[in-house]
Amino acid sequence: PFAKVKGPISGMIEKLESEAGADASHKAFCDEELSGSTSKKEELDGNVEKLSTKIDQMTASSAQLKEEIAETQKALSELIASQAAMDKMRANEKETFVANKADMEK
């Protein structure tokens, strides 16, 4: 009577052992993939951090350059106004000279 039960039990044990082996190889594959994914994620996180730092530096540099541009434009507009005033003064002096030239040559 035990022979009839022993055969199916042996079959079930073999089936469970083969399933356990398949599960173990599947787990090993998953662990390997997870390890690779984790290291790749850490590498990419490092790249993101480096690029974020670079973006922050470039943003600060951009702000500084914009400030320098504003200062240069202000200085240029002051220089243009000063040049216009000097040109006007020179034109007035020339008019005065031309008007008085005849009197000065006498």
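Before reading further, recall that the structure is shown in the block above.
Calculation criteria
Residues numbered from 1 in each chain as written. Predicted model: local features only at pLDDT ≥ 70, side-chain atom pairs only at ≥ 80, totals over all residues. Heavy atoms only, no water. Salt bridge = Lys/Arg side-chain N within 4 Å of Asp/Glu carboxyl O. Helix = DSSP H or I, 4+ residues; strand = E, 2+ residues; numbered from the N terminus. Buried < 20%, exposed > 50% of the residue type's maximum accessible area, 1.4 Å probe, protein only.

Let's talk about the pattern of salt bridges
And then number 1: The final tally for this structure, using the stated rule, is two salt bridges.
And then number 2: With its nearest N and O atoms 2.8 Å apart, the salt bridge here joins K27 to D31. Of the two residues, K27 and D31 are both situated in helix α1 (residues 2-105); the distance of four residues between them amounts to about one turn of the helix.
And then number 3: For D31, a relative accessible area of 39% gives the class partly exposed.
And then number 4: Here K41 makes a salt bridge to D45, at a shortest N to O gap of 3.0 Å. You can see K41 and its partner D45 sitting in helix α1, four residues apart, about one turn around the helix.

Here's the deal with the environment of S10
And then number 1: Relative to the elements of secondary structure, S10 occurs in helix α1.
And then number 2: Here the alpha-carbon distance between S10 and Q64, two residues 54 residues apart in the chain, equals 80 Å.

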